[in-house]
Amino acid sequence: MSFVFWLLAAITVAGGLAAVLLKNLVHCALALTVVFTGLAFLFLQLDAQFAGFAQILVYVGAVAILVVFAILLTRSSETPKDGGVFSRTWGVGLVIAAAVFAVLGWAVLQSETGLPHETAVPNVTVQLIGNALMGRYVLPLEIVALLLTAAMIGAVIVAMHEKGDAK
Amino acid sequence: MPEKADQVFLLLRDWLVGFLPPGWRSAAGVVLGVIGIIAVFPGLFAITTVLERKGLGRMQNRLGPNRVGPFGILQPIADAIKSLTKEDIVPLNADAVVHFLAPVFLVVVVFMGFAVLPVGRNMVLVNMDSGLLFYFAMGASTEVSIFMAGWSSRNKYSLLGAMRAVAQMISYEVPLLLSSVVIVMMTGSLSLVKIVEAQNQYTWGLPHWYIFTPWGCAAFVMYAVAATAETNRSPFDLPEGESELVAGYFTEYSGFKFALFFLGEYLAMLSISGLGTTLFLGGWSSPLALLNWVPSWIWFFSKVMLSICVLIWVRGTLPRLRQDQLMNFAWKFVLPMTLLNLMVAALWRFMGDGWARWVACSAILLLVYVGAGRVGMRREHFGPRTYRYAE
Amino acid sequence: MLGEGILKGLTETARNFVGSFVSAERLTTVEYPEHRIPTAENARVFPFLVYDGADWEAGMRCVACQICEKECPPKCIYIEKSKDKKPDFVGKMQIYPAKFDIDVSVCMSCQICVEVCPFEAIKMDTEFELSTTDRFGGLLYDREQLSRSNEYYHKIHPTEATEVDARLAEEKAKTEAKAKAAAQATAAKAAADPSVPAKATAVSVSSPEAPAAKPAEAASAPKPAGGGE
């Protein structure tokens, strides 16, 4: 656990906290972008070059823009709600977040025992990732592609309906 | 001797770094490389601004700037002094932090893209295995900065211009990546150094540049179109053109911050020309085998400046495309052509060596291009008008 | 074919670029102020007062009739008549303007003052490099600053000036012919009638004839002047 890791982790966690605690919604989206870049640098620190750069390309380059567009196109009012950033149903939200965290923590702890600390990390090249995607994981790849296509078609239909209603 | 001229910058760096204790040498070498990039590319930016203004002027039957220095070559210095001494106005309602960070972020991200371009033999700042992916990751991040600029100004026109710019950049990101993926497919590596080395072979004195293959030529044209749109250059400069007419995402910026945006845009232009040179025009390899004695970095920069000249030429010629026209063009024409190009490149590899594959691939690409062009350019033929009166 | 128009456009621009170095028709810039395009003959900027001969005070054609002051749309002309008289180009004693100011920051170069002047006294200048650093008096020209010689008028508007000169010479000749005819008539009358003293008739003959000739010419002068401009 080197100094660089702690620094990147601190930046990521700070960005995450800012993303939920800031009042201005677009500031929250930009803080989320900081979280994404922090994650990308953590991937790079683990020598997962493809994952890191793909994280920047996809998340910062596209998902952050998507989040921002969604905020701007669906925002009803400029002023933040009174009563701070905690909504009325914060109890339920806390329970659900704790449940998700528990599941993720259980998954991480389950996998940690298999990795010795000092062996050389296998050099995961893009070719290996490509072979795996096209060989072993081709079914999940195609299902995700189908899901994304369905989401795109759905978005286009929703937008077309709106345009049709407006006409 | 030609090898020494070729590697002169590396030799210089090694000599300078030799003065330091051994533990510091590699880090100091990287720092010197960074200093080199920061010195060279803004210098090229200055030359590009003069070239653009004089070139556009001549194309428009007028002289460009010619008062500052002989033939106006010291004009960038005058521009720099002007930008630095202008008052820095931040609107009262603007989001000051984001307003400040947007140009900074843009320039940082664009400079990072230069780190993976091989400007000469053995002359790349960071030799990454997935260099191309890193470059596109940096290119995608510029969109965030444009959005930040447009939103922080609290100006409806800036926001609209920024959204249009981001939509345009995202739309053309896909053809840009897909036309580069063809190159990756044929080379078998994402590393830019390997891509250039794969093009550095000669047959009968002519190089193996990817632009000389049918799929490479098609990919180059599509890359050029997408690159022009990515950097918001004419004819795709509606976000900027709005700033001349109404407003754009630049509008609330003055003085040095505007100069930073300008710098960022031109550096993005240089960097994407550099990438195009690396992918399609052979990077630092010389056009003929017998011209190998010319240093490799001279070839790289000549090719980049040639691409810049073509970009300026296109700017001086074509009118601006409307937003819906350029989005239609991206999604309905360029994207299907890039997918077809991928398949044609696969066919090329499948057919093995020989003249048959040249004929087959060129024929497919040309036929589809001409066919799609005719279909796209068809005009509706209206019959005589009929009228229906309100009863 | 798609893209054909783009290629045609690119070749045209390239032709412009290369041609701008070799031919003048592809580079139409004139680098002012080192080079200047000569102004056209009928260019007009601001008015000036014409004087004949060498002395601007004695030869000034303006007789302070104030027609231009009344007709000027933005009222930029200010005239004060003189108390004494001086002879004009035919020798008749006329009043002259003691003050003739034009505020060129107000003048709109409409040329109406030139069109209505019956005496060909005010014409349009072509000098446009008139900027000054004096905000308050620099653009208010008095009659000395406004006076230019007839030779200058010939230089800037040659055809117009020759026409005007011909017209004025014709009027002068007509007036002189009329004066001579009248003098001959009264001399003949005086010779026939010895009771009237000769000197009184000789003096009085020129004055009634000249004003009678002048309004007739004044009526005819604006029309050819308007046609000549």
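Computed from a predicted structure; not experimentally measured.

Chemist: Would you take a moment to explain the overall build of chain B for this structure?
Modeler: Along chain B, the regular secondary structure elements total 14 helices and two strands. Relative to the globule expectation of 21 Å for 391 residues, the C-alpha radius of gyration of chain B, 23 Å, shows essentially globular dimensions. Overall, chain B is about 95 × 65 × 40 Å in size when its C-alpha atoms are taken along their principal axes. Expressed as a percentage of the 391 residues in chain B, the buried residues total 41%.

Chemist: Hey, could you run me through the overall build of chain C in this one?
Modeler: The secondary structure content of chain C amounts to nine helices and six strands. Each of the 229 residues in chain C was classed as buried or not, and the buried ones make up 19%. By sequence separation, contacts in chain C at least 24 residues apart represent 69% of the contacts at least 6 residues apart.

Chemist: Help me out: how do you make sense of helix H7 (residues 158–192) of chain C in this one?
Modeler: Two residues of an α-helix separated by three or four positions point the same way, owing to the 3.6 residues in each turn. An ideal rise of 1.5 Å per residue puts 51 Å on 35 residues; H7 of chain C measures up with 50 Å between its terminal C-alpha atoms. Every buried residue belonging to H7 of chain C is among Glu160, Val164, Glu171 and Thr175 of chain C, and all of these are buried.

Chemist: What's the story with the environment of Trp358 of chain B in this structure? I'm lost.
Modeler: Here Trp358 of chain B is to be found in helix H14 (residues 355–376). For the pair formed by Trp358 of chain B and Trp348 of chain B, sequence separation is 10 residues and the distance between their alpha carbons is 7.8 Å.

Chemist: Is there a simple way to explain the nonpolar core in this structure?
Modeler: The nonpolar side chains of a soluble globular protein tend to be buried, and buried together. Residues Ala64 of chain A together with Ala137, Phe147, Ala162, Tyr223 and Ala226 of chain B are the most contacted members of the largest nonpolar core, which totals 104 residues. When residues in this core are grouped by element, the largest group, 14 residues, is from helix H6 (residues 131–152) of chain B. Apart from the residues within four sequence positions on either side, Ala137 of chain B is in contact with Phe53, Ile56, Leu57 and Gly61 of chain A. Cys68, Ile77, Val104 and Cys117 of chain C belong to the second largest nonpolar core, which has 23 residues in total.

Chemist: How do you make sense of the interface of chain A and chain B when you look at a structure like this?
Modeler: Frequently, the measure chosen for interface size is the accessible area that the parts lose on association. Every contact between the two is made by 17 residues of chain A and, on the other side, 18 residues of chain B. Elements that contribute at least two residues to the side of chain A that touches chain B include exactly helix H2 (25–45) and helix H3 (49–74) of chain A. The greatest single-element share of the side of chain A that touches chain B, amounting to 12 residues, is contributed by H3 of chain A. Here the residues of the side of chain A that touches chain B sort into 13 nonpolar, four polar and no charged.

Chemist: How do you make sense of the interface of chain B and chain C when you look at a structure like this?
Modeler: Listed as interface residues are 14 residues of chain B and, on the opposing side, 13 residues of chain C. Of the residues contributing to the side of chain B that touches chain C, the split by class is six nonpolar, six polar and two charged.

Chemist: Would you explain the confidence of the model for chain C in this entry?
Modeler: All names here are of chain C. Taken residue by residue, chain C gives an average pLDDT of 82. The fraction at 70 or more is 84%. Of the regions scoring below 50 in pLDDT, residues 200–229 engages in 29 contacts with residues more than four places distant in sequence or in other chains. Reported for the predicted complex are a pTM of 0.82 and an ipTM of 0.83.

Chemist: What is the right way to look at the domain arrangement of chain B in this model?
Modeler: Residue and element names in this part refer to chain B. In terms of domains, chain B is made up of domain 1 (6–39), domain 2 (46–78) and domain 3 (86–372). Between the C-alpha centres of domain 1 and domain 3 there is a distance of 29 Å. Listed by partner, the interface residues are seven residues for domain 1 and eight residues for domain 3. Put simply, the parts of the chain that give the side of domain 1 that touches domain 3 at least two residues each are helix H2 (8–17) and helix H3 (25–59). With three residues, H3 is the single largest residue contributor to the side of domain 1 that touches domain 3.

Chemist: What is the right way to read the packing of helix H11 (residues 256–280) of chain B against helix H12 (residues 296–317) of chain B from this model?
Modeler: The packing of two helices is summarised by the inter-axis angle and the distance between the axes. Residues and elements named next belong to chain B. For the pair H11 and H12, interaxial distance at closest approach is 9 Å and the crossing angle is 120°. One element, H11, and the other, H12, form an angle in the oblique class. In this structure, H11 meets H12 at a crossing whose hand is right-handed. On H12, the residues that touch Met269, Leu270, Ser273, Gly274, Gly276 and Thr277 of H11 are Phe300, Lys303, Val304, Ser307, Ile308 and Leu311. Here the residues of the contact of H11 with H12 sort into six nonpolar, five polar and one charged.

Chemist: I tried to follow the sheet that holds strand S2 (residues 77–87) of chain C on my own but got confused; where do I start?
Modeler: Strand pairs in the sheet, formed through backbone hydrogen bonds, run parallel or antiparallel to each other. Taken in spatial order, the three strands make up an open sheet running S2-S3-S5 (chain C), and their pairing is antiparallel. Each end of this open sheet is capped by a strand with a single partner; those strands are S2 and strand S5 (140–141) of chain C.

Chemist: How do you make sense of unusual backbone geometry when you look at a structure like this?
Modeler: Keep in mind that most residues, glycine aside, have a negative phi and that most peptide bonds are trans. Of note, the bond from Tyr32 of chain C into Pro33 of chain C is cis; its omega dihedral lies within 30 degrees of zero at 5°. Mapping Pro33 of chain C onto the fold places it in the loop between helix H1 (4–22) and strand S1 (47–51). Positioned with a positive phi, Asn232 of chain B is a non-glycine residue whose angle comes to about 55°. Note that Asn232 of chain B resides in the loop between helix H9 (214–230) and helix H10 (238–245).

Chemist: Before we go on, may I ask you to explain the pairing of S2 of chain C in this structure?
Modeler: The two faces of the sheet receive side chains in turn, since in a regular strand these alternate between them. All names here are of chain C. Summarising the sheet, S2 and strand S3 (residues 93–103) pair through eight bridges and their orientation is antiparallel. Bridge assignment links Pro87 to a residue of S3, and that residue is Met93. Connecting the antiparallel pair S2 and S3 is a turn made up of five residues, with Gly91 showing a positive phi of about 100°.

Chemist: Help me out: how do you make sense of the packing of H12 of chain B against H1 of chain C in this one?
Modeler: One can describe the packing of H12 of chain B onto H1 of chain C by two numbers: an axis separation of 9 Å at closest approach and a directional angle of 100°. Here H12 of chain B is positioned roughly perpendicular relative to H1 of chain C, judged by the angle of their axes. Contact with H12 of chain B, carried on its side by Trp313, Gly316 and Thr317 of chain B, involves Gly9, Leu10 and Thr13 of chain C of H1 of chain C and no other residues of that element. In terms of residue class, the contact of H12 of chain B with H1 of chain C is built from two nonpolar, four polar and no charged.

Chemist: Quick question: what am I supposed to make of the arrangement of the chains here?
Modeler: Most contacts, among the two pairs of chains that meet, fall between chains A and B. No part of chain A reaches chain C; the closest C-alpha pair between them is 29 Å apart.

Chemist: How do you make sense of the sheet that holds strand S6 (residues 147–149) of chain C when you look at a structure like this?
Modeler: Residues and elements named next belong to chain C. Taken in spatial order, the three strands make up an open sheet running S4-S1-S6, and their pairing is mixed. Two strands lie at the open edges of the sheet, namely strand S4 (122–124) and S6, each paired on one side alone. Each strand axis lies, on average, 50° off the axis of its neighbour in the sheet, ignoring direction.

Calculation criteria
- Residues numbered from 1 in each chain as written.
- Chains lettered and ligands numbered in written order.
- Predicted model: local features only at pLDDT ≥ 70, side-chain atom pairs only at ≥ 80, totals over all residues.
- Helix = DSSP H or I, 4+ residues; strand = E, 2+ residues; numbered from the N terminus.
- Rg over C-alpha atoms; globule rule 2.2 N^0.38 Å.
- Buried ≥ 20, exposed ≤ 12 C-beta atoms within 10 Å, placed from the backbone.
- Contact = placed C-beta atoms within 7 Å.
- Expected span 1.5 Å × (residues − 1).
- Core = buried A, V, L, I, M, F, W, Y, C linked by C-beta atoms within 7 Å.
- Nonpolar A, V, L, I, M, F, W, Y, C, P; charged D, E, K, R; others polar.
- pLDDT = per-residue confidence, 0-100.
- Domains from an automatic or database assignment.
- Axes fitted to C-alpha atoms, helices over the stretch in contact; angles between N-to-C directions.
- Parallel < 35°, antiparallel > 145°, perpendicular 65-115°, else oblique.
- Left-handed = near helix turned anticlockwise from the far one by under 90°.
- Pairing = 2+ DSSP bridges.

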